[in-house]
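Listed below are the residues making up each chain.
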Amino acid sequence: MEELGHVENPQGLDNEIGISRRSKSPRDILREFMTVTGLRIDYLKNEKDFSVKAESPVGMASLTDQVSIRILDCWVHHQDIKMAIGGKCDF
């Protein structure tokens, strides 16, 4: 698929395919974001070994490395949601 030439790894492809929210309401998108974020926070609270390696958008990385990237990611997505729904995003 030429239109996916910018995708560099399997997780990037998963992310690209997952972008299918244009038909959802802002409330539904925000609810989904909060649900997924809550699940990830719960996972991290229960994790004992952050040195374990796992697939990430930049290849294999430790959970420590991934968390540092994902914190910024979550903030950026929060800003994206705020802009998309007119700045009203109280969370």
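Going by the structure above, here's the rest.
I will try to describe carefully the structure that is included in this document. (Residues numbered from 1 in each chain as written. Predicted model: local features only at pLDDT ≥ 70, side-chain atom pairs only at ≥ 80, totals over all residues. Heavy atoms only, no water.)

## Topic: the overall build of the protein chain
Helix and strand counts for the protein chain stand at 3 helices and 2 strands. Long-range pairs, those at least 24 residues apart, make up 36% of the contacts in the protein chain with a sequence separation of at least 6. Here the protein chain displays about 7200 Å² of accessible surface, and carbon together with sulfur accounts for 59% of that area. (Helix = DSSP H or I, 4+ residues; strand = E, 2+ residues; numbered from the N terminus. Contact = heavy atoms within 4.5 Å. Areas by Shrake-Rupley, 256 points an atom, 1.4 Å probe, with all protein chains shown as cover.)

## A look at the pattern of salt bridges
Under the defined criterion, the tally for this structure stands at 3 salt bridges. D28 is paired through a salt bridge with R31; the nearest N and O atoms lie 2.9 Å apart. Highlighted residues: D28 and R31, both in helix 2 (residues 26-46), separated by 3 residues, approximately one helical turn. Its relative accessible area of 34% is what places D28 among the partly exposed residues. (Salt bridge = Lys/Arg side-chain N within 4 Å of Asp/Glu carboxyl O. Buried < 20%, exposed > 50% of the residue type's maximum accessible area, 1.4 Å probe, protein only.)

## Here's the deal with a nonpolar patch on the surface
Judged by side-chain polarity, L72, W75 and V76 come together as a nonpolar surface patch covering roughly 310 Å² of accessible area. Structurally, the position occupied by L72 is in helix 3 (residues 63-84). (Patch = residues over 30% accessible without salt bridge, like charges linked within 9 Å, V, L, I, M, F, W, Y side chains within 5 Å.)

## Side note on helix 3
Since there are 3.6 residues in each turn of an α-helix, residues three or four apart along the chain are aligned in direction. For helix 3, which comprises 22 residues, the first-to-last C-alpha distance of 30 Å matches the rise-based estimate of 32 Å (1.5 Å per residue) to within 8%. Those residues of helix 3 that sit buried are L63, Q66, H78 and I81. Just downstream of helix 3, G86 is the residue with a positive phi angle, here 80 degrees. (Expected span 1.5 Å × (residues − 1).)

Just geometry here; none of it tells us what the structure is for.
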